[in-house]
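The chain contents come next:
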Amino acid sequence: KNEVEQSPQNLTAQEGEFITINCSYSVGISALHWLQQHPGGGIVSLFMLSSGKKKHGRLIATINIQEKHSSLHITASHPRDSAVYICASQTSGSRLTFGEGTQLTVNP
Amino acid sequence: DTEVTQTPKHLVMGMTNKKSLKCEQHMGHRAMYWYKQKAKKPPELMFVYSYEKLSINESVPSRFSPECPNSSLLNLHLHALQPEDSALYLCASSIPGLAVGETQYFGPGTRLLVL
């Protein structure tokens, strides 16, 4: 059974700080997803990774396939980055296995 | 158009009511999903349609009845719900069958309250 664990559960940072959220999964995957959910409810897909590293603006996602581990980094964090960040693994087919999410609060 | 829309945004219903949630996308995606999300929890998969056929039903109670009338539309019919069914219901879509993984595009959700 594939399990996805995220850490930390909650994270509070000051504006401008560098932030890292970690994700570990238990079985081989076809892709690893990072998602963002704002308090309004809608979920936005940030990254889909199967190897290496991706960057989009201030967001960077990395994955180490051998260690079954992925990280999401936010550089120069801003209050508008406050949201829940969810890691999800994808094995075969369309099914995603979600982590419990990390609640990020960035204070001005 | 890279958007998944859901209506209504909010719904309050009694336990004897019948209502429907609607989801629409015009991205040509042939996989569509219903998720249920309780507060402070990740989404739970309910149903997956692939090419308008139900491919996954996660042992969801029969008071939830999905329907995919065409490749752009997904409905969730609700009947005789219980208060514990109150949650955010999310729809998503993707291009099915990609070996390298499929990005799912989520709608804004319908927040359902069952009284």
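Here the structure is a predicted model, which means the values were calculated and not measured. (Residues numbered from 1 in each chain as written. Chains lettered and ligands numbered in written order. Predicted model: local features only at pLDDT ≥ 70, side-chain atom pairs only at ≥ 80, totals over all residues. Heavy atoms only, no water.)

Caption draft 1: Region of interest: the pattern of salt bridges. Overall, the coordinates contain 7 salt bridges over all chains when judged by the stated rule. Between Glu58(B) and Arg95(A) there is a salt bridge, with the nearest N and O atoms lying 3.0 Å from each other. Here Glu58(B), found in the loop between β6 (53-57) and β7 (64-70), pairs with Arg95(A), found in the loop between β9 (83-90) and β10 (96-98), and the two come from separate chains. Of the residues examined, Glu58(B) reaches a relative accessible area of 34% and is grouped as partly exposed. Linking Arg63(B) and Asp85(B) is a salt bridge whose minimum nitrogen-to-oxygen distance equals 2.7 Å. Of the two residues, Arg63(B) sits in the loop between β6 and β7 while Asp85(B) sits in the loop between β8 (73-79) and β9 (87-94), which places them 22 residues apart along the sequence. Residue Arg63(B) is classed as partly exposed on the basis of its relative accessible area of 23%. A relative accessible area of 2% places Asp85(B) in the buried class. (Salt bridge = Lys/Arg side-chain N within 4 Å of Asp/Glu carboxyl O. Helix = DSSP H or I, 4+ residues; strand = E, 2+ residues; numbered from the N terminus. Buried < 20%, exposed > 50% of the residue type's maximum accessible area, 1.4 Å probe, protein only.)

Caption draft 2: Structural view of the environment of Val4(B). Residues and elements named next belong to chain B. Inspection of the secondary structure assignment puts valine 4 in strand β1 (residues 4-7). Along the backbone, valine 4 and lysine 22 are 18 residues apart, and their C-alpha atoms lie at a distance of 11 Å. Filtering out sequence-adjacent residues up to four positions away, valine 4 remains in contact with Cys23, Glu24, Gln25, Met27, Cys91, Ser93, Tyr105, Phe106, Gly107 and Pro108. (Contact = heavy atoms within 4.5 Å.)

Caption draft 3: Just a nonpolar patch on the surface, in detail. Together, Val12(B), Leu113(B) and Leu115(B) make up a nonpolar patch on the protein surface, roughly 290 Å² of accessible area in all. Inspection of the secondary structure assignment puts Leu113(B) in strand β11 (residues 110-114). (Patch = residues over 30% accessible without salt bridge, like charges linked within 9 Å, V, L, I, M, F, W, Y side chains within 5 Å. Areas by Shrake-Rupley, 256 points an atom, 1.4 Å probe, with all protein chains shown as cover.)

Caption draft 4: Quick look at the confidence of the model for chain A. In the predicted model, chain A carries a mean pLDDT of 93, and 98% of its residues have values of at least 70. Model confidence for chain A, summarised as mean pLDDT per element, is weakest for β10(A) at 92 and strongest for strand β8 (residues 69-74) of chain A at 98. (pLDDT = per-residue confidence, 0-100.)

Caption draft 5: Local environment of the state of the cysteines. Under the counting rule described, the total for this entry stands at 2 disulfides over all chains. There is a disulfide in this structure between Cys23(A) and Cys87(A), and the S-S distance comes to 1.8 Å. Its torsion about the S-S bond being -55°, the disulfide of Cys23(A) and Cys87(A) is classed as left-handed. With Cys23(A) in strand β3 (residues 19-25) and Cys87(A) in strand β9, the pair connects residues that are 64 residues apart, well separated along the chain. For Cys23(B), the disulfide goes to Cys91(B), at an S-S distance of 1.8 Å. Residues Cys23(B) and Cys91(B) are joined through a disulfide that is left-handed, its torsion about the S-S bond being -65°. Of the two residues, Cys23(B) is situated in strand β3 (residues 18-25) and Cys91(B) in strand β9; the sequence distance between them amounts to 68 residues. Overall, the relative accessible area of 0% leaves Cys23(B) in the buried class. Relative accessible area serves as the criterion here: at 0%, Cys91(B) is assigned to the buried category. Free of any disulfide, Cys68(B) has its nearest neighbouring cysteine sulfur in Cys23(B), separated by 9.2 Å. Classification of Cys68(B) by relative accessible area gives buried; the value is 12%. (Disulfide = S-S within 2.5 Å.)

Caption draft 6: Up close: the environment of Pro96(B). All names here are of chain B. Looking at the secondary structure, you find proline 96 in the loop between β9 and β10 (105-106). Here proline 96 falls in the buried class, since its relative accessible area comes to 13%. Excluding its chain neighbours within four sequence positions, the residues that come into contact with proline 96 are Arg30, Ala31, Ser50, Tyr51 and Glu102.

Caption draft 7: Layout of the pairing of strand β7 (residues 59-64) of chain A. Residues and elements named next belong to chain A. As paired elements, strand β6 (residues 52-56) and β7 share 5 bridges and run antiparallel to each other. Following the sheet pairing, lysine 53 is matched in β7 by threonine 62. Counted along the chain from β6 to the antiparallel partner β7, the turn is 2 residues long, and its residue glycine 57 has a positive phi close to 65°. By the bridge criterion, 6 bridges tie β7 to β8 in an arrangement that is antiparallel. The residue bridging asparagine 64 from the neighbouring strand is histidine 69, located in β8. Hairpin geometry of β7 and β8 is characterised by an intervening segment of 4 residues between the two adjacent antiparallel strands and by a positive phi of about 55° at lysine 68. (Pairing = 2+ DSSP bridges.)

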